[in-house]
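What the coordinates show
Take a look at the letters that make up each chain.
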Amino acid sequence: MAEKTVRVQQIGSPIRREASQRQTLIGLKLNKLHRIAELPDNPSVRGMIAKVHHLVRVLDDAA
């Protein structure tokens, strides 16, 4: 059984954002504009996405 994943793309710049938001983007494997990361779909990743929802776009949402 394959683990569910979620693909996210960075669409906003972390310039002039709080340091915690920059670190969250790095934790999501996003640190440059238009970079796409495929991550496991679990509550901790969803929480990170919610924290920086204004800087990322969810490309395909299974939930």
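Structure: see above.
What counts, and at which threshold
- Residues numbered from 1 in each chain as written.
- Predicted model: local features only at pLDDT ≥ 70, side-chain atom pairs only at ≥ 80, totals over all residues.
- Heavy atoms only, no water.
- Core = buried A, V, L, I, M, F, W, Y, C linked by side-chain atoms within 4.5 Å.
- Buried < 20%, exposed > 50% of the residue type's maximum accessible area, 1.4 Å probe, protein only.
- Helix = DSSP H or I, 4+ residues; strand = E, 2+ residues; numbered from the N terminus.
- Contact = heavy atoms within 4.5 Å.

Focus: the nonpolar core
Val-6, Val-8, Leu-25, Leu-28, Leu-30, Ala-37, Leu-39, Val-45, Ile-49, Val-52, Leu-55 and Val-56 form the largest nonpolar core, which has 12 residues in total. When contributions to this core are tallied by element, the ones reaching two or more residues are strand E1 (5–10), strand E2 (36–40) and helix H2 (43–51).

So, the environment of Leu-59
Its location among the elements puts Leu-59 in strand E3 (residues 56–60). A relative accessible area of 34% places Leu-59 in the partly exposed class. Sequence spacing of Leu-59 and Glu-38 is 21 residues, and the spatial spacing of their C-alpha atoms is 9.7 Å. Apart from residues no more than four positions distant in its own chain, Leu-59 is found in contact with Arg-7, Gln-9 and Ile-36.

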